[in-house]
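Chain by chain, the residues run as shown.
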Amino acid sequence: MPKDSGIGTSPKRREDVRFLTGNGKYTDDINLTGQSHAVFARSDVAHGKINNIDISVAENMPGVLAIFTGEDFADVGGNPAGWLINSRDGEPMKEPKRPVLAHGKVRHVGDAYAAVVAETASQAQDAVDAIIADITEFPAVVDMETALAGGGFVHDEIGTNQCFDWGWIEDNRAATDAAIKSAPHVTTLSLVNNRVVPNAIETRASIADYDRGTGDYILYTTSQNPHLTRLLISAFVLGIPENKLRVVSPDVGGGFGSKIYHYGEEALVLAAAKKLCRPVKWTASRSESFLTDAHGRDHVTKIELACEKDGTFIAFRTDTMANVGAYLSNFSTVTPTFLHGTLMAGNYTVPNVYVNVKAVFTNTAPVDAYRGAGRPEATYSLERVIDKCARELSLDPIELRRKNFIKPDQFPYASAAGLEYDTGNYDALFDKLEEIVDFGGFNARRAASEKNGKLRGLGINSYIEACGIAPSNLVGILGARVGLYDAATVRVNATGNISVMVGAHSHGQGHATAFPQVVSDMLGVDENSIEIVHGDTSKIPFGMGSYGSRSLAVCGSAVVRATEKIINKARKIAAHMLEASEGDIDFKDGKFSVTGTDKSLAFGEVAFKAYVPHDYPHDELEPGLEETAFYDPANFTYPSGAYACEVEVDPDTGQVTVESFTAVDDFGNVINPMIVTGQVHGGIGQGIGQALLENCTYDESGQLLSASYMDYAMPRASDLPFYNVDHSCAMPCTHNPLGVKGCGEAGAIGSPPTIVNAVVDALHSGGHTHVTHIDMPVSPVRVWSAINN
Amino acid sequence: MYNFEFVKPSNVADALAALASEEAQALGGGQTLIPTMKQRLASPEKLVSLLGISEMQGVDVSGNIVTIGGATTHANVAAADAFSGLTGLASGIGDPAVRNRGTIGGSLANNDPAACYPAAALATGATIVTNSREILADDYFQGMFTTALKEVEIITAVRIPVPLASNYQKFEQPASRFALVGVFVAKYVDGVRVAITGASENGVFRWSEAEAALSVNFSYDAISSLSVDASDMISDLHGTKEYRANLVRVLTGRAVLSAS
Ligand SMILES: Cc1cc2nc3c(=O)[nH]c(=O)nc-3n(C[C@H](O)[C@H](O)[C@H](O)COP(=O)(O)OP(=O)(O)OC[C@H]3O[C@@H](n4cnc5c(N)ncnc54)[C@H](O)[C@@H]3O)c2cc1C
């Protein structure tokens, strides 16, 4: 009988009622008594020396309470990179200080060099407008190749614009070079993984409150991981003891990576709140969001695929320049390296892989992890070059991939890029894709398009990614400066309902619905009696938050472990109550019973006993029913998928429309299929945005040309097709208790190459065979120009 | 945004009086002006809303002339369905929120080089009626964001001769969804007029070569081998000069094919 609740069912997202009726509580919805407002003075040049900041007029303006400049934070720590990367020559990466406010130099348009706190935001803005900044403008370092060639430096003290020059795996380098040299066929492709602006609907915001009696701080902020934010502020930046700083991330309206990181504005409002003994609030405008949120992607890559004439892969070699912008954001060094290079073997049995990544400082906003974080870049490079190879060798793109897939009986499989894939069945995913998509009817659809003057293309793609970041021992060896476990506390209340405090943070993912499904299944209690608590360091155990599709795989596992502890303790209490030995107690469907008898107790009765411990074995058991577990994963999880799409291209205008999109994903076990489908939809929408529309562009002087929605094209409903999504080919993860893999980023990883492969296919069908590649976004002008060149 | 005073007069005379004070500015639907004020790029001390003036509202079709009040919203122009080219244009501006606020007078006064209405006005040889005079479209548009309007002068109505056939083709700029290029083709007894928006450094313009060819032979073939000079075209993130020049021809052809 199909279940009607718990794991595998699709209750509607309970949080949506709140969100859709305007009852969400976001940071900007919070207003504290006596609150003042901060506004930042931001550089309008990309690169310049700060000679003087004259605040004499501004500080006397109405309502102004305090003005801060970089000078005020000269003695506090910098906001660090979370991961140390070593260059090929063994040298550690260059880590210039990232100050709270720019000091000495401004390094990108939007770099804050001063902040005004005033009674109202409008007064603060007036005062910001009255600050006179004497800044000598320097030529901007924008293009990565130019940046590496030398000349002006973003950070003079390091004397280079190269942060690191990383090789992976260095021991494979010679073999890979040799394999490529002697290979019967080599396909080469140069491509750009376009820079994107995350564009969460909710812009960043922070409110700091300081209690002058206790010396305690509260920071309400738009964060995907309040504990990490607290750790960074406490251990690195302001030095506020962790037990004096409470970080609260209430409802957060989307993050996509950009709200993982600690930003200077958070430190500023904290310092200002202490100085003024008043709450200080800041909410970013959309323009600030464009200029200062950590951007995503921005790789320039050359990839080579070496293979036999029959298409058997021999080697992949990539050279990548990765833009890190003006300062190292917290995950900016791991994203283009370990989250990218380790995936460069894809789903394939290729024996040789070598990846070189040079990270480059430029006078642009910091670049960091963005939905997919490194894996989309890896997948895009691989799957574009494989598609090009198939065309060069006149092989069917599906057959070429299948020929090289790791086969089900080869798992666990040690990839040539250094990961151990625990499980997968890539052929099964393509079998499913071929079952769902009417490939047979494609030629007829193509003919129909051509009748209307359009070209039609079919794009195929296969991906593997690594989620559930991450085994702390492994990442520690690789340079991580934090552990990447997660934590959960399950508190069964006296009346039987349950609060689950989780380290994961929900900013759209539906944790409030999905996590209770897990606990409900395990305890046999109604999922509606289980509430999730998240986003407040004073309420939840120390967890690492949500990114990298890790919430369920890592924090969900901690929830399972904590719930198991609850069951174990409750079983002991039940044994006492039922006067039986613990070994004879059976727990099923929310009931404790004595094996072979009709004596039983409901879970709620046992919980009540834990809190009203009359007649209780106090010598053996503590009262209460609350357990915490930390979970550190044994390995990454490896979702994979087979994608296909059809596009139509209007050769007269270059306009591309996505006619159909099918995603077959293996996410392992699925807790709530509806939520998973929604995550895939969102991911594909974001991927189509990157592939066709989103184009974050700086001009030579470092001005952001796409700094508003007038020039930055977001995908809209009319740009997207109806998706065909399947996740029935589940190969459960072998090393976490739920067998789950993670689904939050898959769509954004798998879709961009699918789209571009389809566009190239369409152009070839129209005889434009000189077009082997078009860089994203594959905008009308680019397609038309490619055709007409 | 800075603070400002707000008045909403009920007739043109009161509006003019209110506008006489320095630093006062007319407000239509606010779809251009308000965002500019939010960015502190404009700072009028007084906004004079024209939306309360009933004589500036509505669409009237009598005989061969459509008269549209200067404060009529895009949504109301679309709903009036005066003739197909105009209806199509008005219903394709922005999104529902923009169409229910933005006005024809505001659009023509602003004369954004990527706006839609300027193409309709120029292609139909419309008359821009203000509080003090009547201006032919051919004299009204004077380059990007520049018009024949004087300091204190409000568009009270737009008079458009109904064409025999017309069509507006808009190729959307991917981000703003304004016209990357927009082409309005209008056929009259005495000839065809073609106006192009979004494309030129000089704002909306008439493509006279196409007009001449289409006036002789109103067909796609008549213009398929013509081209506009790419050197005058706008080049930006969303399109090169050559690309825009191509769109001018492609869209003109499509407008002819779709004209009704
Ligand atoms: C998201 C968005 C999308 C849009 N998309 C499009 C599009 O696709 N195509 C398009 O054409 N436009 C588009 N627009 C612009 C929209 O059509 C505006 O309505 C128009 O540009 C200005 O009209 P308004 O009534 O809002 O004028 P306002 O913003 O109120 O005023 C604009 C200017 O005109 C002056 N003014 C207003 N009314 C009069 C009058 N009667 N006489 C004299 N001066 C006057 C004002 O003083 C001001 O200088 C878009 C706008 C937005 C916000």
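These numbers come from a predicted model, not from an experiment. (Residues numbered from 1 in each chain as written. Chains lettered and ligands numbered in written order. Predicted model: local features only at pLDDT ≥ 70, side-chain atom pairs only at ≥ 80, totals over all residues. Heavy atoms only, no water.)

### Examining unusual backbone geometry
Here is the rule: Every helix listed is a DSSP run of H or I at least four residues long, and every strand listed is a run of E at least two residues long, numbered separately from the N terminus.
Between W168 of chain A and the following residue, I169 of chain A, the backbone shows a cis peptide bond with an omega angle of -5 degrees. Inspection of the secondary structure assignment puts I169 of chain A in the loop between β7 (162-168) and α4 (173-182). Here I469 of chain A and A470 of chain A are connected by a cis peptide whose omega angle stands at -5 degrees. Phi at S549 of chain A is positive, roughly 50 degrees, even though this residue is not glycine. Inspection of the secondary structure assignment puts S549 of chain A in the loop between β21 (530-533) and α14 (551-578). With a phi close to 55 degrees, F145 of chain B is a non-glycine residue in the positive phi region.

### Some points on the domain arrangement of chain B
All names here are of chain B. As a reminder of what qualifies: Domain start and end points were adopted from an automatic or database domain assignment. Residue contacts follow a heavy-atom distance rule, with two residues in contact if any of their heavy atoms lie within 4.5 Å. Reported buried area values correspond to the accessible surface (1.4 Å probe) lost by two parts on association, with both partners' losses combined.
Domain assignment breaks chain B into domain 1 (5-49), domain 2 (55-161) and domain 3 (165-258). Its C-alpha centre places domain 2 at a distance of 19 Å from the equivalent point of domain 3. Taken together, the contacts link 26 residues of domain 2 with 21 residues of domain 3. The contact between domain 2 and domain 3 buries some 1,700 Å² in all, and 62% of this surface belongs to carbon and sulfur atoms.

### Topic: the pattern of salt bridges
Note the following rule: Each reported salt bridge corresponds to a side-chain nitrogen of Lys or Arg within 4 Å of a carboxyl oxygen of Asp or Glu. Categorising residues by exposure relies on relative accessible area from a 1.4 Å probe, with only protein chains included: less than 20% of the type maximum marks a residue as buried, more than 50% marks it as exposed, and the intermediate range marks it as partly exposed.
Here the structure, examined in full by the defined rule, presents 53 salt bridges over all chains. The residue D719 of chain A makes a salt bridge to R177 of chain B at a minimum N-O spacing of 3.1 Å. On the criterion of chain membership, the pair formed by D719 of chain A in the loop between α16 (673-693) and β28 (723-726) and R177 of chain B in the loop between β9 (165-172) and β10 (179-188) is interchain, its members lying in two chains. Residue D719 of chain A is classed as partly exposed on the basis of its relative accessible area of 21%. On the accessibility criterion, R177 of chain B (10% relative accessible area) is buried. Within the structure, one salt-bridge network assembled from shared partners comprises R42, R204, E265, E288 and D293 of chain A.

### Some details on the interface of chain A and chain B
The condition is simple: Each residue receives one of three labels: charged for Asp, Glu, Lys and Arg, nonpolar for Ala, Val, Leu, Ile, Met, Phe, Trp, Tyr, Cys and Pro, and polar for the others, Gly being one of them.
On the chain B side, the residues contacting the 26 residues of chain A number 21 residues. Together, the buried faces of chain A and chain B total about 1,800 Å²; carbon and sulfur atoms form 54% of this surface. Of all residues in chain A, M710, V781 and W784 of chain A bury the most surface against chain B, accounting for 28% of the area lost on that side. Summed over the shared surface of chain A and chain B, the result is five salt bridges. Between D129 of chain A and R40 of chain B there is a salt bridge, with the nearest N and O atoms lying 2.7 Å from each other. Listed by contribution, the elements that provide at least two residues to the side of chain A that touches chain B are α2 (121-130) and α18 (780-787) of chain A. When residues in the side of chain A that touches chain B are grouped by element, the largest group, four residues, is from α2 of chain A. Partitioned by chemical class, the residues of the side of chain A that touches chain B number ten nonpolar, nine polar and seven charged.

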